[in-house]
Amino acid sequence: MTTVTVVRKAGRIAIAADTLTKWGGGKESAAYVANHEKIIRVGDSLVAITGSATMKLILADYFSGLDAPPSLDSVANIFGVWNTLHAALKEQYYLQPGEDKDDELESSRMDVLIANPRGIFGVAAHRTVQEFTKFYAYGSGSPYALGAMYAAYRAPSLDAEAVARLGVMAAAEFHDESGLPVQSFSFDVA
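Along each chain, the written sequence defines residue order, and numbers are assigned to residues from 1. pLDDT decides what is reported in this predicted model: residues at 70 or higher carry local features, side-chain atom pairs at 80 or more are listed and counted, and totals for whole chains, interfaces and linings draw on all residues regardless. For side-chain calculations, the full set of non-hydrogen atoms in the structure is used, while hydrogens and water are omitted.

A. Expanded view of the overall build of the chain. Helix and strand definitions here come from DSSP, where helices need a minimum of 4 consecutive H or I residues and strands a minimum of 2 consecutive E residues; each element is numbered from the N-terminal end. Of the regular secondary structure elements, the chain holds four helices and eleven strands. When we talk radius of gyration, it's over C-alpha atoms, and the globule rule is simply 2.2 Å times the number of residues to the 0.38. In summary, the chain has a C-alpha radius of gyration of 16 Å against a globular reference of 16 Å for 190 residues, a match within 12%. The contacts of the chain with a sequence gap of at least 6 include a subset with a gap of at least 24, amounting to 58%. Entry remark: accessible area of the chain is about 9,300 Å², with carbon and sulfur atoms responsible for 54%. Positive charges come from Lys and Arg, negative ones from Asp and Glu, while His and the chain ends are left out of the count. Every charge is mapped to an atom, namely NZ of Lys, CZ of Arg, CG of Asp or CD of Glu. On the chain, the mean spot of the 16 positive side-chain charges and the mean spot of the 22 negative ones are 5 Å from each other. We call two residues in contact whenever any of their non-hydrogen atoms come within 4.5 Å of each other. For every accessible area listed, the method is Shrake-Rupley and the probe measures 1.4 Å; residues are considered covered only by the protein chains on display.

Pasting the structure below:
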């Protein structure tokens, strides 16, 4: 499980993630796992991944195999990329999309947050794409992260990266499936 956050504030964009890996009741912290990062680069975008640890490897492999990095700068572009990705997840990476019979769509089995100079976006497991205006969090620790970011966002002394990191730190403090250290990046809005 995990906690990932994105923030847009005062002309800056930030993305952050915890670094804990969980397998059942076991915890694999960054002190024991060299490839503990949950954020990957796709062109000029950063993508923070929740779900199985394998999803990071799959997304890195999939996007590196494309002729050119996809454009992840609008809801429409991201939706198109994720629909194509979903087919590859099933055919190339053996995704088991089945869930509840009441689900209207197959799940991609991950939620991701995307940050790039044009904005902050989220893609939910059923490929719902949203553009966020201030901040958001996904993952098992997201309720804690959202609460912390809501309380901190208006503080003039905290920039976008500080708010994003604070969200992940709150989740790590109060949720047993998120852990430190925090991985984070920030850059200017285009």
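B. Inspection of the environment of Ser142 at higher detail. Note that Ser142 resides in helix 3 (residues 142-152). Note: C-alpha distance between Ser142 and Ser178 (36 residues apart in sequence) is 9.7 Å. Apart from residues lying up to four places away in sequence, Ser142 is in contact with Thr3 and Ala137. Polar contacts, as counted here, are pairs of nitrogen or oxygen atoms within 3.5 Å of one another; within protein the pair requires one atom able to donate a hydrogen and one able to accept it, and residues that are adjacent in sequence qualify only if both atoms are side-chain atoms. A distance of 2.9 Å separates a polar atom in the side chain of Ser142 from the backbone oxygen of Gly139.

C. Highlighting the side chain of His36. Relative to the assigned elements, His36 resides in the loop between strand 4 (26-28) and strand 5 (39-42). At 2.8 Å, the side chain of His36 and the backbone oxygen of Val33 are in polar contact. With near-sequence residues (within four places) excluded, His36 lies in contact with Thr19, Ala30 and Lys56.

D. Spatial organisation of the nonpolar core. Within this scheme, the nonpolar core is defined by two criteria: the residues are buried Ala, Val, Leu, Ile, Met, Phe, Trp, Tyr or Cys, and they are joined through side-chain atoms within 4.5 Å. Burial classification: accessible surface area is computed with a 1.4 Å probe over protein chains only, and a residue below 20% of its type maximum counts as buried, one above 50% as exposed, and the rest as partly exposed. Leu59, Trp82, Val112 and Ile114 are the most contacted members of the largest nonpolar core, which totals 23 residues. Elements represented by at least two residues in this core include exactly strand 5, strand 6 (45-49), helix 1 (54-64), helix 2 (75-91), strand 7 (112-116) and strand 8 (119-123). Among the elements that take part in this core, helix 2 stands out by supplying six residues, more than any other. Ignoring sequence-local partners within four residues, the contact set of Val112 consists of Val47, Ala48, Ile49, Leu59, Trp82, Phe121, Gly122, Val123 and Tyr138. Within the second largest apolar cluster, 14 residues are counted, among which are Leu46, Ala115, Phe132 and Phe187.

E. Structural context of helix 4 (residues 160-174). What a helix is expected to span follows from its residue count: subtract one and scale by 1.5 Å. Along its 15 residues, helix 4 runs 22 Å from first to last C-alpha, staying within 8% of the 21 Å computed at 1.5 Å per residue. If you check which residues of helix 4 are buried, you get Ala160, Val163, Ala164, Gly167, Val168, Ala170, Ala171 and Ala172. Contacts made by the buried residues of helix 4 are with strand 1 (3-9), strand 2 (12-17) and helix 3.

F. Local environment of unusual backbone geometry. For the bond from Leu180 to Pro181, the omega torsion is 5°, close enough to zero to count as cis. With respect to the helices, strands and loops of the structure, Pro181 is situated in the loop between helix 4 and strand 11 (183-188). Phi is positive for Arg109, close to 65°, though the residue is something other than glycine. Relative to the helices and strands, Arg109 resides in the loop between helix 2 and strand 7. For Arg127, which is not glycine, the phi torsion reads 70° and is therefore positive. Following the sequence through the fold, Arg127 ends up in the loop between strand 8 and strand 9 (129-132).

G. Up close: the packing of helix 3 against helix 4. Each axis is a line fitted through C-alpha atoms, and for a helix only the stretch in contact is used; angles between axes span 0 to 180 degrees, taken between their N-to-C directions. The contact between helix 3 and helix 4 brings their axes to 7 Å, and the two run at 135°. As the angle between them shows, helix 3 and helix 4 are arranged oblique. Here helix 3 runs over helix 4; the crossing is right-handed. Between helix 3 and helix 4, the contacting residues are Tyr144, Ala145, Ala148, Met149 and Ala152 on the first element and Val163, Ala164, Leu166, Gly167, Ala170, Ala171 and Phe174 on the second. Just so you know the grouping, Ala, Val, Leu, Ile, Met, Phe, Trp, Tyr, Cys and Pro go in nonpolar, Asp, Glu, Lys and Arg go in charged, and all remaining residues, Gly too, go in polar. Tallied by class, the residues present in the contact of helix 3 with helix 4 amount to eleven nonpolar, one polar and no charged. Any angle that falls under 35 degrees is termed roughly parallel, while one over 145 is termed roughly antiparallel, one within 65 to 115 roughly perpendicular, and all others oblique. Throughout, a crossing is termed right-handed when the near helix is turned clockwise from the far one, and left-handed when it is turned anticlockwise from it by less than a right angle.

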